[in-house]
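Single-letter residue listing:
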Amino acid sequence: MVSVVECRPDCGACCTAPSISSAIPGMPGGKPAGTPCVQLDEAKRCRIFGQPDRPSCCSGLQPSLEMCGQSREEAMVWLTRLERETAPA
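What comes next is a walk through the structure. (Residues numbered from 1 in each chain as written. Predicted model: local features only at pLDDT ≥ 70, side-chain atom pairs only at ≥ 80, totals over all residues. Heavy atoms only, no water.)

Attention now goes to the nonpolar core. Nonpolar side chains in soluble globular proteins tend to be buried together. Within the largest apolar cluster, 9 residues are counted, these being Cys11, Ala13, Ala17, Met67, Cys68, Ala75, Met76, Trp78 and Leu79. Those elements giving two or more residues to this core turn out to be α2 (65-68) and α3 (72-86). Of the residues forming this core, the biggest block, 4 residues, is contributed by α3. In this structure, Cys11 is in contact with Lys44 and Arg72, ignoring residues within four places of it in sequence. Membership of the second largest hydrophobic core comes to 8 residues, among which are Ile20, Met27, Leu40 and Cys58. (Core = buried A, V, L, I, M, F, W, Y, C linked by side-chain atoms within 4.5 Å. Buried < 20%, exposed > 50% of the residue type's maximum accessible area, 1.4 Å probe, protein only. Helix = DSSP H or I, 4+ residues; strand = E, 2+ residues; numbered from the N terminus. Contact = heavy atoms within 4.5 Å.)

Rendered as C-alpha coordinates:
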(Lines give C-alpha, C1' and ligand atoms only; values in the text may rest on other atoms or scores of the structure.)
Protein backbone atom coordinates (compact mmCIF):
# COMPACT_ATOMS: atom_id res chain seq x y z
CA MET A 1 0.00 0.00 0.00
CA VAL A 2 1.26 3.50 -0.88
CA SER A 3 0.99 6.17 1.80
CA VAL A 4 -0.40 9.53 0.72
CA VAL A 5 1.56 12.60 1.77
CA GLU A 6 1.13 16.35 1.49
CA CYS A 7 3.01 18.24 -1.22
CA ARG A 8 6.29 19.55 0.12
CA PRO A 9 7.07 23.24 -0.26
CA ASP A 10 9.45 24.25 -3.06
CA CYS A 11 9.28 20.87 -4.83
CA GLY A 12 7.28 20.89 -8.07
CA ALA A 13 8.95 17.66 -9.22
CA CYS A 14 5.65 16.28 -10.54
CA CYS A 15 5.22 19.49 -12.57
CA THR A 16 8.74 19.27 -13.99
CA ALA A 17 9.90 15.68 -14.56
CA PRO A 18 7.03 14.16 -16.58
CA SER A 19 5.93 15.14 -20.04
CA ILE A 20 2.33 16.33 -20.39
CA SER A 21 0.63 15.88 -23.74
CA SER A 22 -2.53 17.79 -22.73
CA ALA A 23 -2.86 21.51 -23.28
CA ILE A 24 -1.95 23.61 -20.25
CA PRO A 25 -2.82 27.33 -20.03
CA GLY A 26 0.31 29.00 -21.37
CA MET A 27 1.53 25.73 -22.92
CA PRO A 28 -1.06 24.78 -25.57
CA GLY A 29 1.05 21.89 -26.86
CA GLY A 30 1.70 20.44 -23.40
CA LYS A 31 5.23 20.24 -22.05
CA PRO A 32 8.26 18.04 -22.57
CA ALA A 33 9.77 15.95 -19.79
CA GLY A 34 12.22 17.85 -17.61
CA THR A 35 10.68 21.24 -18.38
CA PRO A 36 8.97 23.08 -15.51
CA CYS A 37 5.31 23.86 -16.17
CA VAL A 38 4.67 27.58 -16.74
CA GLN A 39 1.93 27.35 -14.11
CA LEU A 40 4.45 26.76 -11.29
CA ASP A 41 4.76 29.85 -9.13
CA GLU A 42 7.88 31.07 -7.30
CA ALA A 43 7.23 28.57 -4.48
CA LYS A 44 6.85 25.76 -7.06
CA ARG A 45 3.09 25.51 -6.42
CA CYS A 46 0.50 25.12 -9.17
CA ARG A 47 -1.26 28.39 -10.02
CA ILE A 48 -4.24 26.52 -11.53
CA PHE A 49 -4.65 23.88 -8.82
CA GLY A 50 -8.35 23.06 -8.43
CA GLN A 51 -9.35 25.03 -11.52
CA PRO A 52 -11.24 23.45 -14.44
CA ASP A 53 -8.53 24.26 -17.00
CA ARG A 54 -5.96 22.17 -15.11
CA PRO A 55 -5.26 19.01 -17.17
CA SER A 56 -6.92 15.84 -15.87
CA CYS A 57 -3.55 14.04 -15.85
CA CYS A 58 -2.38 16.61 -13.30
CA SER A 59 -5.56 16.45 -11.23
CA GLY A 60 -5.33 12.67 -11.03
CA LEU A 61 -1.74 12.61 -9.77
CA GLN A 62 -1.65 12.43 -5.99
CA PRO A 63 1.47 12.75 -3.82
CA SER A 64 2.70 9.53 -2.22
CA LEU A 65 5.76 8.43 -0.28
CA GLU A 66 6.77 6.17 -3.17
CA MET A 67 6.66 9.00 -5.73
CA CYS A 68 7.78 11.91 -3.57
CA GLY A 69 10.48 10.24 -1.49
CA GLN A 70 12.19 12.30 1.18
CA SER A 71 13.25 15.22 -1.03
CA ARG A 72 12.66 16.97 -4.34
CA GLU A 73 15.76 15.24 -5.67
CA GLU A 74 14.36 11.79 -4.81
CA ALA A 75 11.04 12.72 -6.43
CA MET A 76 12.81 13.90 -9.60
CA VAL A 77 14.74 10.61 -9.84
CA TRP A 78 11.59 8.50 -9.36
CA LEU A 79 9.46 10.54 -11.78
CA THR A 80 12.23 10.75 -14.41
CA ARG A 81 12.64 6.96 -14.29
CA LEU A 82 8.85 6.51 -14.61
CA GLU A 83 8.80 8.90 -17.58
CA ARG A 84 11.61 6.98 -19.26
CA GLU A 85 9.99 3.58 -18.61
CA THR A 86 6.58 4.67 -19.96
CA ALA A 87 7.75 6.69 -22.97
CA PRO A 88 6.58 5.43 -26.36
CA ALA A 89 9.21 3.40 -28.19
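Here the focus is unusual backbone geometry. Even without being a glycine, Asp10 presents a positive backbone phi close to 55°. Among the secondary structure elements, Asp10 is positioned in the segment before α1 (56-59). A relative accessible area of 46% means that Asp10 is categorised as partly exposed. If you check the backbone angles, Lys44 has positive phi at about 60° while not being a glycine. Counting through the fold element by element, Lys44 comes out in the segment before α1. By relative accessible area, Lys44 is classed as partly exposed at 35%.

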